[in-house]
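Here are the chains, one letter per residue:
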Amino acid sequence: MTNTYILAIESSCDDTSAAVLKNDCVLSNVVANQDVHRKYGGVVPELASRAHLQNIVPVVDRALKEARISQNELSAIAFTRGPGLMGSLLVGTSFAKSLSMGLNIPLIEVNHMQAHILAHFIDEGTKRPEFPFLAMTISGGHTQIVRVDSFFSMEVLGETLDDAVGEAFDKTAKILGLPYPGGPLIDKYAKEGNPKAFSFPKPQTNELNFSFSGLKTAVLYFVQKQTKENPNFIKENMPDICASVQHTIIDILMSKLKKAVKQTNIKQIAIGGGVSANSGIRETLQSLGEKYGWETYIPKFEYCTDNAAMIGIVGYHKYREKLFTSQEVTAKSRWELGNEH
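Here the structure is a predicted model, which means the values were calculated and not measured.

Moving on to the overall build of the protein chain. In terms of regular secondary structure, the protein chain is built from nine helices and ten strands. Against the globule reference of 20 Å for 341 residues, the protein chain gives a C-alpha radius of gyration of 20 Å, in line with a compact fold. Dimensions of the protein chain, computed from the C-alpha atoms along their principal axes, are close to 65 × 45 × 30 Å. Within the protein chain, the proportion of its 341 residues that are buried is 54%. Counted over contacts in the protein chain with a minimum sequence separation of 6, partners at least 24 positions apart contribute 73%. Charge separation in the protein chain, taken as the distance between the mean sites of 35 positive and 36 negative side-chain charges, equals 2 Å.

In the UniProt entry, the feature "binding site: substrate" (unreviewed entry) is given for Thr137, Ile138, Ser139, Gly140, Gly141, Asp170, Gly183, Asp187 and Asn278. With respect to the secondary-structure elements, Gly140 resides in the loop between strand S6 (133–138) and strand S7 (143–150). With near-sequence residues (within four places) excluded, Gly140 lies in contact with Ala164, Gly166, Glu167 and Val275. When you line up the elements, Asp187 lands in helix H5 (residues 183–190).

A word on the packing of aromatic side chains. Tallied over the entire structure, the rule returns 13 aromatic pairs. Where Phe151 meets Phe152, the ring centres are 6.4 Å apart and the plane angle is 55 degrees; that geometry is what we call tilted. Phe152 gets classed as buried once you look at its relative accessible area, which sits at 12%. A ring pair is formed by Phe210 and Phe212, whose centres lie 6.2 Å apart and whose planes are at 10 degrees; its orientation type is stacked. Judged by relative accessible area, which is 0%, Phe212 ranks as buried.

With that out of the way, let us pick up the domain arrangement of the protein chain. Segmenting the protein chain into domains produces domain 1 (5–121 + 305–321) and domain 2 (133–299). The C-alpha-based centres of domain 1 and domain 2 are spaced at 27 Å. On the side of domain 2, 21 residues touch domain 1, which itself brings 18 residues to the contact. Summed over both sides, the interface of domain 1 with domain 2 buries roughly 1,600 Å², with 77% coming from carbon and sulfur.

Let's shift gears to the nonpolar core. Core analysis: the biggest nonpolar cluster contains 44 residues, and Met136, Val165, Leu176, Phe212, Ile249, Leu253 and Ile281 have the highest contact counts within it. Elements supplying a minimum of two residues to this core: S6, helix H4 (165–175), H5, helix H6 (213–229), helix H7 (233–264), strand S9 (268–272) and helix H8 (279–292). Setting aside anything within four residues of it in sequence, one finds Leu176 in contact with Val223, Ile234, Met238, Ile241 and Cys242.

By the element assignment, Thr172 lies in helix H4. By relative accessible area, Thr172 is classed as buried at 2%. Those residues in contact with Thr172 that lie beyond four places of it in its chain are Ile186, Val219 and Val245.

Before going further, it helps to spend a moment on the environment of Cys25. Relative to the helices and strands, Cys25 is located in strand S3 (residues 25–32). Look at Cys25 and you get partly exposed, because its relative accessible area is 29%. Excluding residues that lie within four positions of it along the chain, Cys25 makes contacts with Val20 and Asp123.

To continue, consider the sheet that holds strand S2 (residues 16–22). On the basis of which strands lie adjacent, the open sheet formed by five strands has the order S3-S2-S1-S4-S5 and mixed pairing. Strand pairing shows two members of the sheet lacking a second neighbour, S3 and strand S5 (107–111), which therefore form its edges. Pairs of neighbouring strands in the sheet enclose a mean axial angle of 20 degrees, with direction left out of account. Examined bridge by bridge, strand S1 (residues 5–10) and S2 share six bridges and lie antiparallel to one another. Within S2, the position partnered with Glu10 by the bridge is Ser17.

Relative to each other, H5 and H7 sit at 110 degrees, their axes nearing to 7 Å. Comparing their axes, H7 and H5 come out roughly perpendicular. Listed contacts from H7 to Ile186, Asp187, Tyr189 and Ala190 of H5 are Met238, Pro239, Cys242, Ala243 and Gln246. For the contact of H5 with H7, the residue count by class is seven nonpolar, one polar and one charged.

With 17 residues, H6 should cover 24 Å at 1.5 Å per step; its first-to-last C-alpha distance of 25 Å lies within 8% of that length. Along H6, the residues classified as buried are Leu215, Lys216, Ala218, Val219, Phe222, Val223 and Gln226. Mapping the buried residues of H6 onto a view down its axis gives an arc of 160 degrees, with all of them on the same face. Turned more than 90 degrees away from the buried face of H6, the exposed residues are Tyr221, Lys225 and Lys228. The secondary structure elements touched by the buried residues of H6 are H4 and H7.

Turning our attention to the sheet that holds strand S10 (residues 295–297). Think of a sheet as strands paired side by side through backbone hydrogen bonds, with each pair either parallel or antiparallel. Read from one edge of the open sheet, five strands run S8-S7-S6-S9-S10, paired in mixed fashion. In this open sheet, the two strands that pair with only one neighbour each are strand S8 (153–159) and S10. Strand-to-strand twist in this sheet, taken as the mean axis angle between neighbours without regard to direction, amounts to 25 degrees. Taken together, the four bridges between S6 and S9 define a ladder with parallel strand orientation. Its bridge partner being in S9, Met136 is matched across the sheet by Ile271.

What counts as what
- Sequence order as written defines residue numbering, which begins from 1 separately in each chain.
- Whole-chain, interface and lining totals are the exception, using all residues; otherwise, since this is a predicted model, local features are given only for residues with pLDDT of at least 70 and side-chain atom pairs are given and counted only at 80 or more.
- Heavy atoms throughout the structure, all of them, feed into the side-chain values; hydrogens and water do not.
- Segments assigned H or I by DSSP are reported as helices when at least four residues long, segments assigned E as strands when at least two residues long, and all are numbered from the N terminus.
- With the radius of gyration taken over C-alpha atoms, the globule rule is written as 2.2 Å times the number of residues to the power 0.38.
- Throughout this description, buried means an accessible area under 20% of the type-specific maximum (1.4 Å probe, protein chains only), exposed means over 50%, and partly exposed covers the range between.
- The contact definition used throughout considers only heavy atoms, calling two residues in contact when any of these lie within 4.5 Å.
- Charge assignment in this entry is limited to Lys and Arg as positive and Asp and Glu as negative, and neither His nor the chain termini are counted.
- Where a charge lies is defined by one atom per residue type: Lys uses NZ, Arg uses CZ, Asp uses CG and Glu uses CD.
- UniProt positions are given in the numbering used here, feature names are shortened, and annotations may be inferred rather than shown by experiment.
- A pair of Phe, Tyr and Trp rings is counted when the ring centres sit within 6.5 Å of each other, with Trp represented by its six-membered ring. The angle between the planes then sorts it: under 30 degrees is stacked, over 60 is edge-to-face, the rest tilted.
- Segmentation into domains, and thus their bounds, comes from an automatic or database assignment.
- Note on definitions: buried area is the accessible-area loss of two parts on being combined, 1.4 Å probe, summed for both.
- The set of buried Ala, Val, Leu, Ile, Met, Phe, Trp, Tyr and Cys residues whose side-chain atoms join them within 4.5 Å is what this entry labels a nonpolar core.
- Two strands form a pair only when DSSP identifies at least two bridges running between them.
- Axis angles are defined between N-to-C directions and span 0 to 180 degrees, where every axis is a line fitted to C-alpha atoms and, for a helix, only to the segment in contact.
- Roughly parallel covers angles under 35 degrees, roughly antiparallel covers those over 145, roughly perpendicular covers 65 to 115, and oblique covers all other angles.
- Here the term charged refers only to Asp, Glu, Lys and Arg, the term nonpolar to Ala, Val, Leu, Ile, Met, Phe, Trp, Tyr, Cys and Pro, and the term polar to all other amino acids, Gly among them.
- Expected span, for any helix, means 1.5 Å times one less than how many residues it has.
- To obtain the arc, one takes the directions from the helix axis to the C-beta atoms.

Pasting the structure below:
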């Protein structure tokens, strides 16, 4: 069988990434981060799209050089069509369309959330999930529990009704005066704190859906009340506050996951998305797996955050099925995960 070489492009938010895959193996995975957003405390869409315009050519060039292949050896171009920031998606979509037309090779659209789930199928010499499995995708923009029956058949069983889990981490960090992105800093402080030091409410939602806006508000009011009584409260209690908030968030996530396992009787569990890099979530999932007899799958750190390798693995499987896209394709800022074809 001849080898398939996929060039993948990811530009859904503030990271410009390009990867080259040989079949299901990653030859290169280059990511350019955008530091411009730090001083604003969050991603500024207009600045993100401008940075993508500056980064995309050098990033693709480096990905090809690291993979040691030329453009002419490529079998297809895969790209993130959505969901994401429209301006950012347009840069990647336009570039992918132009390159596929110039090289006269197939174009493959990829759903960003599907890619987070299928990142587990990148060949790293480790065990991969077996269908059907449950995927929990947790990121700055999404929180979902998905039933995965095949590469292209997925059903969202539950999702956030308001804010995503990543936003809850970042907004908490902002309340505590920590710089953006704050999620990793909360994780770092949490390791030194007592998770039972402070109690925060867990929003009650129907079935397998999530809600994090109430938790954010509760943290804000709690911190305001405590700092009124003691102006040094945050400084003196930073590890305990972070540990308590993180414990609450993990508790919300895992209780829904346990419910999903009970409802579906599926015990293959995979996590994905930027927040799956959180050490507390990873450790809790592993210990629950041991306790309940689940098979748990946790991606490598580089495949948790936005990266093009995960776009490439979906591209590879779509290429095998000849699921190509026409040049008329346009970016989609909202794109529901479902039966992907």
